[in-house]
Amino acid sequence: MDENQNEQIDFRDYLRVILKRRWTIITIFAVIAITVTIHTFTATPIYEATTRLIIEKENPNVVSIQEVMAIDASGTDYYQTQYKIIESRTIAREVIRRLNLDKSEEFFPKPKDDLISNLIASIKETFKSKKDAVVSLLKTDNDTGQLEDFDIDYNLVSAFIGRISVEPIRNSRLLDLKFQAKDPVLAARIVHTLAKSYIDQNLETKLDAVQDAVKWLYNRIEQEREKVGKAEEALLKYKEKHNIVTDFTSDVENITAQKLAQLNTNVVEAESKRVEAETRYRQAKALEGTPDMLDSVPDVLNNQLIIQIKTMEVELYKRMSELSKKYGSKHPQMIAVQSELKTLKQRKSQEINRVINSLKNEYKVSLAREESLKEALARQKQESLDLNQKAIEYGVLRREAESAREMYELLIKRFKETTLTEDMRTGNIRIVDRAEVPQKPVKPRKKLNILLALIVGLSLGTGMAFFLEFMDNTIKIPEDIKRYLNIPYLGPVPVFAMDGNPDKEVHKELVTVHSPKSTASESYRGIRTGILFSSAESEPQAIMVASAGPLEGKTITAANLAITMAQSGSKVVILDCDLRRPRMHNMFGITRDQGITNLLVEKKDIKDAVCRTRISNLYIIPSGPIPPNPSEILGSRRMNELIEVLRQDFTRIIIDTPPITAVTDAVVLAKSVDGVVLVIRANDSAKDIVKNGLGQLQSVGAHMLGAVLNGVDLGRDSYYYRYYCYYYGEDDLKKKKPRKRKRSKSSYHEEARKIRDWVTRQKGRFSKVSQEDL
């Protein structure tokens, strides 16, 4: 398949298809062209009237009620909507009513006074009466009027809308409104009335909207008045309940937030001071039992009195040291110094205790201040929450009252504007150009119709030709064999006449005998050459001729190939292995009493089955009696032995077999021969069937010598015409075509006489095969 896809397009194949199916193309082309031409020149002229409208971008409203009923005319969806409104059934019914078109001959032509028209009118009347009867059965008390209103003008309105054409002009707000009719004057009237009806309907729609708005506004004003009263009353009661004098403003909220923040800051500072005082007190309390360590406490260390006592102690220790050098320890001066030193220590101890008590008092004061600030912060938080809750509820009530008041005032304003707009008749749509009576018809467009008919007819005919060619799944030309089967192509066999032989002794299908110079005979000789040179090593000896299906010409091909090989000097034997429907014995005028089945089943002698023919060097072994199991017989060991024996006595062995796809006989024999020739009937053998048969042969390893394309057409437009015309000439080919061949009786008798003379000269060689020959 990849190779097929990569093949280049050959335009000659397209030309071949066109020439082959030219009558299909010509027929379709002629039918379409003639039909369209007749219709074009017999059709009733249609006139088209045009009026031009402009749709403005905005509504020219004087008051601001346009905010209530404004139309967004800036988008494309607005214009598309207007186009569809013009083509609506409501507008159509209004135009029909204004012009009484339900009684116009434009839509209800008078019947012609002839037989056909009367017949058509009677049929329509009958159909209408039956339709009315069905409708009457479907009617009920509730929907009787609805059915009548729906059905009375449905067809008329549909026909009217079908003639309307709306064509907007690009990059503008203009549009052309067109209408087609048989009467040019009526066409102009209808399109003008259509434009007026559309403009009136647009104005009426807007005025209806205004009136509806007035009613709606009046009802809403009453509702909003009640809402305003209730909202203001609820707000007043809330202020009285919670003693609210002024409104909750941002200043009040800011003051409350500042107080809360200041208290929070004070609490943090108090807590920090309390922690600091507590730490100093705990430290001094822990060192109270060790007087020497108390000096390390910062408050003790920084106390001025204690610093003075320490200074005095230092002086006393210094004096005591000096006195101890002069006096003893019991000297009065030493005792006085020691007494002073003891007194200083007592004063120092008392001062330290006073510092510790001072730290304790400072800690208690800080703790009390912290707790007081925390209580104040909690109270301020609760007051802030209460204030926020009141502000929220108050804000909700105030907004409800303000919203109700604003809505009420807006509705009052809109109500006044709407009552003023109700009396104004302004619109954004107007007529720019009135419709004029058309002078020339727009339909039928003769030149265009004929040109389109020619193009469509030619295109449709060509398309149908290629469609038929595509649906034709048969093998037609040698390229099909190479493309789909991928086996060698041996040559074609043209169609030849079966009634060209006056001699009853020579079968009409043996064209190589009774017409040796015909194109078919030359084709068989060419195929013979292709078979002999199909193998580079040696010429095939045992050759099987097969076909995928029946009636493809394999038996005729096998017989004529054998004759051409015998005529070239080779000793040839034909084996009729078609043990189901044998024909070979009839073609050569012999019986099949003794044949292949006798040799394989009854073990007869070969000489009893081999028969001479009237053709030099050509022998035949008929099928013999038809057995019940042909496949088993042909696939037996004795069949292979028979072929090996015949190989020793004959130069060529031609084997005729049943169709491949019908039975397995040919597939069984394919393993015992040197090559297989596949016969395909042109324009008749389906590709799938041939490919299936070829696959069966290749599955058993059969050697394919090639394919023969049988029954090809040598007509002037055929694929093979140019090849055979070169050799035989155009006049000879015309004579050789079987359907156009005309010959006199004298020519038949003359040819028959020549064949009888030739047969008489060869009679001595047409007897039974002798033992020496075998």
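Cut-off values and rules
- Residues numbered from 1 in each chain as written.
- Predicted model: local features only at pLDDT ≥ 70, side-chain atom pairs only at ≥ 80, totals over all residues.
- Heavy atoms only, no water.
- Helix = DSSP H or I, 4+ residues; strand = E, 2+ residues; numbered from the N terminus.
- Buried < 20%, exposed > 50% of the residue type's maximum accessible area, 1.4 Å probe, protein only.
- Core = buried A, V, L, I, M, F, W, Y, C linked by side-chain atoms within 4.5 Å.
- Contact = heavy atoms within 4.5 Å.
- Polar contact = N/O pair within 3.5 Å; in protein donor to acceptor, adjacent residues only side chain to side chain.
- Pairing = 2+ DSSP bridges.
- Axes fitted to C-alpha atoms, helices over the stretch in contact; angles between N-to-C directions.
- Arc of directions from axis to C-beta.
- pLDDT = per-residue confidence, 0-100.
- Right-handed = clockwise from strand over helix to strand, strands pointing away.
- Patch = residues over 30% accessible without salt bridge, like charges linked within 9 Å, V, L, I, M, F, W, Y side chains within 5 Å.
- Areas by Shrake-Rupley, 256 points an atom, 1.4 Å probe, with all protein chains shown as cover.
- Salt bridge = Lys/Arg side-chain N within 4 Å of Asp/Glu carboxyl O.
- Parallel < 35°, antiparallel > 145°, perpendicular 65-115°, else oblique.
- Nonpolar A, V, L, I, M, F, W, Y, C, P; charged D, E, K, R; others polar.
- Phe/Tyr/Trp six-rings, centres within 6.5 Å; stacked < 30°, edge-to-face > 60°.

K.L.:
Just give me the short version of the overall build of the protein chain, but keep the residues and values in it.
P.N.:
Tallying secondary structure elements over the protein chain gives 29 helices and 12 strands in all. In the protein chain, which comprises 774 residues, the proportion classed as buried is 40%.

K.L.:
How would you explain the nonpolar core if you had to name every residue and give the values?
P.N.:
Counting 48 residues, the largest nonpolar core has Met-544 and Leu-575 as its most contacted members. With residues up to four places along the chain from it excluded, the contact list for Leu-575 reads Ile-596, Ile-621, Met-639, Leu-646, Ile-653, Ile-654, Ile-655 and Asp-656.

K.L.:
Which residues make up the side chain of Arg-525, and what values do they have?
P.N.:
Take Arg-525: it is sitting in helix α19 (residues 519-532). Within the local environment of Arg-525, its side chain forms a polar contact with the backbone oxygen of Pro-516, the two atoms lying 2.5 Å apart.

K.L.:
Tell me about the sheet that holds strand β8 (residues 611-612), residues and numbers included.
P.N.:
What the 8 strands build is an open sheet, ordered β5-β12-β11-β6-β10-β7-β9-β8; its pairing is mixed. Here the strands that pair on one side only, and so sit at the sheet edges, are β5 (489-494) and β8. Relative to strand β10 (residues 652-656), strand β6 (residues 542-547) is paired through 4 bridges, and the arrangement is parallel. Each bridged residue has a counterpart across the sheet, and for Val-545 the counterpart in β10 is Asp-656. Helix-sheet contacts for helix α20 (residues 554-567) involve β6, β7 (572-576), β9 (618-621), β10, β11 (675-681) and β12 (704-712), and the interaxial angle to β10 is about 170 degrees.

K.L.:
Which residues make up the sheet that holds strand β2 (residues 164-168), and what are the values?
P.N.:
Taken in spatial order, the 4 strands make up an open sheet running β2-β3-β1-β4, and their pairing is antiparallel. In the strand order of this sheet, the two ends are held by β2 and β4 (429-433), each with one partner. Direction aside, neighbouring strands of the sheet carry axes that sit 30 degrees apart on average. As paired strands, β2 and strand β3 (residues 174-181) are joined by 5 bridges and run antiparallel to one another.

K.L.:
Got a sec to walk through helix α6 (residues 89-99)? Specific residues and values, please.
P.N.:
For α6, the full list of buried residues reads Ile-91, Ala-92, Val-95, Ile-96 and Leu-99. Projected onto a plane normal to the axis of α6, the buried residues spread over an arc of 135 degrees and lie on a single side. Those residues of α6 that are exposed and angled more than 90 degrees off the buried face are Thr-90 and Arg-97. Following α6 by one or two positions, Asn-100 adopts a phi angle in the positive range, close to 55 degrees.

K.L.:
Let's hear about the pairing of β9: which residues, and what values?
P.N.:
By the alternation rule, side chains of β9 split into Leu-618 and Ile-620 and Tyr-619 and Ile-621, which are all buried. With antiparallel pairing between neighbouring strands as the criterion, β8 and β9 make up a hairpin whose turn holds 5 residues, including Asn-617 at a positive phi of roughly 70 degrees.

K.L.:
Just give me the short version of the environment of Glu-509, but keep the residues and values in it.
P.N.:
With respect to the element layout, Glu-509 can be found in the loop between β5 and α18 (511-514). Along the sequence, Glu-509 and Ala-559 sit 50 residues apart, while their C-alpha atoms lie 8.8 Å from each other. Within the local environment of Glu-509, its side chain forms a polar contact with the side chain of Arg-583, the two groups lying 2.7 Å apart.

K.L.:
Outline the confidence of the model for the protein chain, supporting the account with residue identities and numerical values.
P.N.:
For the protein chain, mean pLDDT is 76; residues scoring 70 or higher make up 72% of the total. Across residues 1-7, where pLDDT falls below 50, the model places 2 contacts with residues more than four positions away in sequence or in other chains. Overall, residues 65-69 carries pLDDT values under 50, and its contacts beyond four positions in sequence, including any with other chains, amount to 11 contacts.

K.L.:
Before we move on, can you summarise the pairing of β11 with the specific residues and values?
P.N.:
With 6 of 7 residues buried, β11 lies mostly within the body of the structure. Crossover β11 to β12 through helix α26 (residues 687-699) is right-handed.

K.L.:
Residues and numbers for helix α9 (residues 154-162), please.
P.N.:
An α-helical turn contains 3.6 residues, so any two residues separated by three or four positions project in the same direction. Of the residues making up α9, those classed as buried are Leu-156, Val-157, Phe-160 and Ile-161. With its buried residues spanning 130 degrees around the axis, α9 presents them on a single face. Pointing more than 90 degrees away from the buried face of α9 are the exposed residues Asn-155 and Gly-162.

K.L.:
Kindly report on a nonpolar patch on the surface, identifying the contributing residues and their values.
P.N.:
A cluster of nonpolar residues, Leu-448, Leu-451, Leu-452, Ile-455, Val-456 and Leu-460, forms a patch on the protein surface that exposes about 500 Å² of accessible area. As for its position among the elements, Leu-460 is in helix α16 (residues 446-471). A relative accessible area of 44% places Leu-460 in the partly exposed class.

K.L.:
Lay out the packing of α6 against α9 with the relevant residues and their values.
P.N.:
Packed helix pairs are characterised by how far apart their axes lie and by the angle those axes make with each other. Running from N to C, α6 and α9 point in directions that differ by 100 degrees, and their axes come no closer than 10 Å. By the criterion of interaxial angle, the relationship of α6 to α9 is roughly perpendicular. Judged by residue contacts, Arg-89, Ala-92, Arg-93, Val-95 and Ile-96 of α6 engage Tyr-154, Leu-156, Val-157, Ser-158, Phe-160 and Ile-161 from α9. Looking at the contact of α6 with α9 residue by residue, the classes come out as 8 nonpolar, 1 polar and 2 charged.

K.L.:
Lay out the packing of aromatic side chains in plain terms, naming residues and giving numbers.
P.N.:
Ring pairs (aromatic) are described by centroid distance and by the angle formed between their planes. Per the stated rule, a full pass over the model turns up 5 aromatic pairs. Seen from their ring centres, Tyr-78 and Tyr-79 are 5.4 Å apart, and the 75 degrees between their planes marks the pair as edge-to-face. For the pair Tyr-78 and Tyr-79, a shared accessibility class is recorded, and that class is buried. Seen from their ring centres, Phe-107 and Phe-160 are 6.2 Å apart, and the 40 degrees between their planes marks the pair as tilted.

K.L.:
I'd like a description of the pattern of salt bridges, backed by residues and values.
P.N.:
With the rule as written, the count across this model stands at 23 salt bridges. In this structure, Arg-97 engages Glu-94 in a salt bridge whose closest nitrogen and oxygen atoms are separated by 2.4 Å. You can see Arg-97 and its partner Glu-94 sitting in helix α6, 3 residues apart, about one turn around the helix. Relative accessible area serves as the criterion here: at 23%, Glu-94 is assigned to the partly exposed category. Glu-539 is paired through a salt bridge with Arg-652; the nearest N and O atoms lie 2.2 Å apart. Here Arg-652 lies in strand β10 and Glu-539 lies in the loop between α19 and β6, a separation of 113 residues in the sequence. One connected set of salt bridges, linked through shared partners, spans Lys-20, Arg-21, Glu-469, Asp-472 and Lys-476.

K.L.:
Lay out the packing of α19 against α20 in plain terms, naming residues and giving numbers.
P.N.:
α20 packs onto α19 with a crossing angle of 75 degrees between their chain directions and a minimal axis gap of 9 Å. In terms of their interaxial angle, α19 and α20 are classed as roughly perpendicular. Counting all contacts with α19, which are made through Tyr-524, Arg-525, Ile-527, Arg-528, Ile-531 and Leu-532, the residues of α20 involved are Ile-556, Thr-557, Asn-560, Leu-561, Thr-564, Met-565 and Gln-567. When the residues that make up the contact of α19 with α20 are grouped by side-chain class, the tally is 7 nonpolar, 4 polar and 2 charged.

K.L.:
Requested: an account of unusual backbone geometry, with residues and values cited.
P.N.:
Going from Lys-443 to Pro-444, the amide bond is cis rather than trans, its omega being -10 degrees. Here the phi dihedral of Asn-683 falls at roughly 60 degrees; this positive angle occurs in a residue that is not glycine. Mapped onto the secondary structure, Asn-683 falls in the loop between β11 and α26.

K.L.:
Let's hear about the environment of Phe-588: which residues, and what values?
P.N.:
As for its placement among the helices and strands, Phe-588 is situated in helix α21 (residues 584-588). Phe-588 gets classed as buried once you look at its relative accessible area, which sits at 14%. The sequence separation of Phe-588 and Ile-620 amounts to 32 residues, and the corresponding C-alpha distance is 8.7 Å.

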